[in-house]
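One letter stands for each residue in the lines below.
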Amino acid sequence: MDKKAPTLYTCKRTEQNDGEKVPPLYEIGFTEKEEVSGLIELIKVCKTFRTDDKEISAVSDVSITVADGDIFGIIGFSGAGKSTLVRCINLLERPDSGSVLIDGQDLTKLSANELRATRKKIGMIFQHFNLMPSRTVFDNVAFALKGSGLSRMQVREKVEKLLRLVEIADKADTYPAQLSGGQKQRVAIARALANDPGILLCDEATSALDPQTTKQILALLKNLNESLGITVVIIAHQMSVVKEICSHVAVMDRGSVVEQGETFSVFANPQHPLTRDFISTTSNLKKIHELIESRSPAVALKTGERIIKLSYTERSVSEPLISSLTQKFGILLNIIFADVDIVQGAPIGGTVAIVSGEQASIEAAIQYLASKNVSVEVLQSA
């Protein structure tokens with residue numbers, strides 16, 4: 001029987017750090033779009049590891065839903081159970097109880113052969129790349145296509161296109177030992193994409209990379225998500241990773257998900273104490289308390305002055321508020337700390353400043369900020 005002609009997907013252009021454009025659009029893929037859905041549902045998943053003298057509950061009663069085509073982040077401190085949870089998605093770790101559904105199909109109920117077939121549609125990349133050192137870049141990617149039924153020519157064509165897609169085509173005949181960390185991860189991503197997965201699992205995929213390379217890899221993952229419609233699940237302990245590209249996030253602690261939702265909402269208005277602690281570890285704003293406690297000259301107040309903390313908690317904050325306050329209310333703000341990121345197209349974070357001026361003007365300015373969806377906390381007054 002003749003095989004149906006494959007659907008070809010295209011990848012958008014990306015831009016290198018030096019501003020150089022990568023070559024024209026690449027066509028990849030040998031499967032039909034409807035075969036690679038990325039809807040993930042975990043329902044009351046539990047996983048316990050047992051040793052001779054104790055039991056460790058790595059994942060406890062976790063339920064999350066990842067929409068098809070989403071970029072979903074799972075964060076938490078070391079030992080929170082993140083990596084175990086992501087390995088439950090493709091059943092590299094089989095849950096003790098609960099259900100793992102991919103596009104409505106419960107993986108825990110599949111036979112061994114059915115599970116192997118399903119896993120081919122779930123790509124995975126790791127912190128330490130897991131490349132075979134004795135094989136070239138080309139052969140590392142081609143290995144994932146073993147048993148695919150493709151001809152040698154089709155395999156070569158597909159691997160070459162995948163290497164161009166991840167911007168490493170010139171390294172096809174190179175061995176892993178000759179590559180940088182970022183280049184190794186690009187090879188790992190190409191290998192993970194070889195079987196046209198609908199889902200890409202990233203287990204601390206950027207933890208071994210420097211900040212600049214991390215941004216490049218995250219940009220690549222975001223581009224793949226947008227251009228191929230692939231669902232991406234990212235495990236990370238770095239807040240910056242989740243803020244950069246994830247639209248939804250779940251926060252884990254000791255095996256449980258303590259908070260989840262849209263990334264902006266979770267970071268702007270954290271409800272759980274652990275989430276607040278996690279966010280504070282990456283914020284410069286907490287340093288103000290150290291200055292106040294040490295009675296630093298930097299925060300010495302004159303009569304009528306206040307130290308205030310402004311927190312951006314709503315997406316609607318967009319105008320230059322600091323300059324607006326000075327112009328509208330005739331007050332002065334001496335900024336001590338500022339920590340503002342752009343998450344899902346909106347500013348998040350805040351500013352700590354010493355404000356001086358007429359008391360009525362300061363009060364009016366605080367009310368104005370509240371009307372602009374900015375939370376104001378007075379940390380100290382004189």
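See the structure printed just above.
Overview of the structure. These numbers were taken from a predicted model, which means no experiment stands behind them. (Residues numbered from 1 in each chain as written. Predicted model: local features only at pLDDT ≥ 70, side-chain atom pairs only at ≥ 80, totals over all residues. Heavy atoms only, no water.)

Before going further, it helps to spend a moment on the overall build of the protein. Within the protein one finds 12 helices and 16 strands. Across the 382 residues that make up the protein, the buried fraction comes to 48%. Within the protein, residue pairs in contact and separated by at least 24 positions form 70% of the contacts whose partners lie at least 6 positions apart. As displayed, the protein offers around 18,700 Å² of accessible surface, 48% of which is attributable to carbon and sulfur atoms. (Helix = DSSP H or I, 4+ residues; strand = E, 2+ residues; numbered from the N terminus. Buried < 20%, exposed > 50% of the residue type's maximum accessible area, 1.4 Å probe, protein only. Contact = heavy atoms within 4.5 Å. Areas by Shrake-Rupley, 256 points an atom, 1.4 Å probe, with all protein chains shown as cover.)

Another point: the pattern of salt bridges. Scanning the entire structure with this criterion turns up 11 salt bridges. Lys44 serves as the salt-bridge partner of Asp61, at 4.0 Å between the closest nitrogen and oxygen. With Asp61 in strand β4 (residues 55–66) and Lys44 in strand β3 (residues 40–50), this pair connects stretches of sequence that are 17 residues apart. With a relative accessible area of 43%, Asp61 lands in the partly exposed category. Salt-bridge contacts for Arg186 lead to Glu167; the nearest nitrogen and oxygen are separated by 3.8 Å. A residue pair is termed long-range when its members are at least 10 positions apart, and Arg186 in helix α5 (residues 181–192) and Glu167 in the loop between α4 (152–165) and α5 qualify at 19 residues. (Salt bridge = Lys/Arg side-chain N within 4 Å of Asp/Glu carboxyl O.)

What follows concerns unusual backbone geometry. Positive phi, normally seen in glycine, also occurs at Asp61, with a value near 55°. Within the chain, Leu91 stands out as a residue other than glycine whose phi angle is a positive 60°. Examined against the element boundaries, Leu91 turns out to sit in the loop between α1 (82–89) and β6 (97–102). Residue class for Leu91 comes out buried when judged on its relative accessible area of 5%.

With that out of the way, let us pick up the nonpolar core. In terms of nonpolar packing, the biggest core is built from 57 residues, with Ile125, Ile189, Leu221 and Ile234 touching the most fellow members. Top element by residues in this core is helix α6 (residues 211–228). It accounts for six residues. Each residue touching Ile189, except ones within four places of it in the same chain, is listed here: Ile125, Val166, Ile217, Leu220, Leu221 and Leu224. Counting residues in hydrophobic clusters, the runner-up holds 29 residues, among them Ile199, Leu201, Val233 and Met252. (Core = buried A, V, L, I, M, F, W, Y, C linked by side-chain atoms within 4.5 Å.)

Glancing now at the sheet that holds strand β15 (residues 346–356). The strand order across the open sheet formed by four strands is β14-β15-β13-β16, and the pairing between neighbours is antiparallel. Each edge of the sheet is formed by a strand with only one pairing partner; in this case those strands are β14 (332–343) and β16 (374–381). Each neighbouring strand pair of the sheet contributes to a mean axis angle of 15°, computed without reference to strand direction. Strand direction decides the pairing type here: strand β13 (residues 306–312) and β15, joined by seven bridges, are antiparallel. (Pairing = 2+ DSSP bridges. Axes fitted to C-alpha atoms, helices over the stretch in contact; angles between N-to-C directions.)

Its place among the elements puts Glu259 in strand β12 (residues 256–262). A relative accessible area of 9% means that Glu259 is categorised as buried. Linking Glu259 and Thr275, residues 16 residues apart in sequence, is a C-alpha distance of 7.5 Å. Residue contacts for Glu259: discarding those within four places in its chain leaves Val249, Ala250, Val251, Val266, Asn269, Pro270, Gln271, His272 and Thr275. A distance of 2.8 Å separates the side chain of Glu259 from the side chain of Thr275, its partner in a polar contact. (Polar contact = N/O pair within 3.5 Å; in protein donor to acceptor, adjacent residues only side chain to side chain.)

In this section: the sheet that holds β4. Taken together, four strands build an open sheet; the order of strands is β4-β3-β6-β7 and the sheet is antiparallel. Looking along the sheet, the strands with just one partner apiece sit at the ends: β4 and β7 (105–106). Two strands pair when backbone bridges link them, and β6 and β7 are joined in this way by two bridges, in the antiparallel orientation. Within the sheet, the bridge partner assigned to Leu101 lies in β7 and is Asp106. Sheet contacts for α1: β3, β4 and β6; angle to β3, the most-contacted strand, approximately 120°.

In this model α5 runs 16 Å from its N-terminal to its C-terminal C-alpha over 12 residues, within 8% of the 16 Å that 1.5 Å per residue would give. For α5, a buried count of nine out of 12 residues is recorded, marking the element as mostly surrounded by other parts of the structure. When α5 is considered as a whole, its buried residues turn out to be Gly182, Gln185, Arg186, Val187, Ala188, Ile189, Ala190, Arg191 and Ala192. (Expected span 1.5 Å × (residues − 1).)

What the rule picks out here adds up to zero disulfides. Of all cysteine sulfurs in the structure, the one in Cys88 sits closest to Cys46, which takes part in no disulfide; the separation is 9.5 Å. Distance from the sulfur of Cys246, which forms no disulfide, to the nearest cysteine sulfur (Cys202) is 9.0 Å. What makes Cys246 buried here is its relative accessible area of 2%. (Disulfide = S-S within 2.5 Å.)

Where α5 meets α6, the closest approach of the two axes is 10 Å, and the angle between their N-to-C directions is 20°. Between α5 and α6, the angle falls in the class roughly parallel. Crossing handedness for the pair α5 and α6: right-handed. Contacts between α5 and α6 involve Gly182, Gln185, Arg186 and Ile189 from the former and Thr213, Gln216, Ile217, Leu220, Leu221 and Leu224 from the latter. Split into classes, the residues belonging to the contact of α5 with α6 amount to five nonpolar, four polar and one charged. (Parallel < 35°, antiparallel > 145°, perpendicular 65-115°, else oblique. Left-handed = near helix turned anticlockwise from the far one by under 90°. Nonpolar A, V, L, I, M, F, W, Y, C, P; charged D, E, K, R; others polar.)

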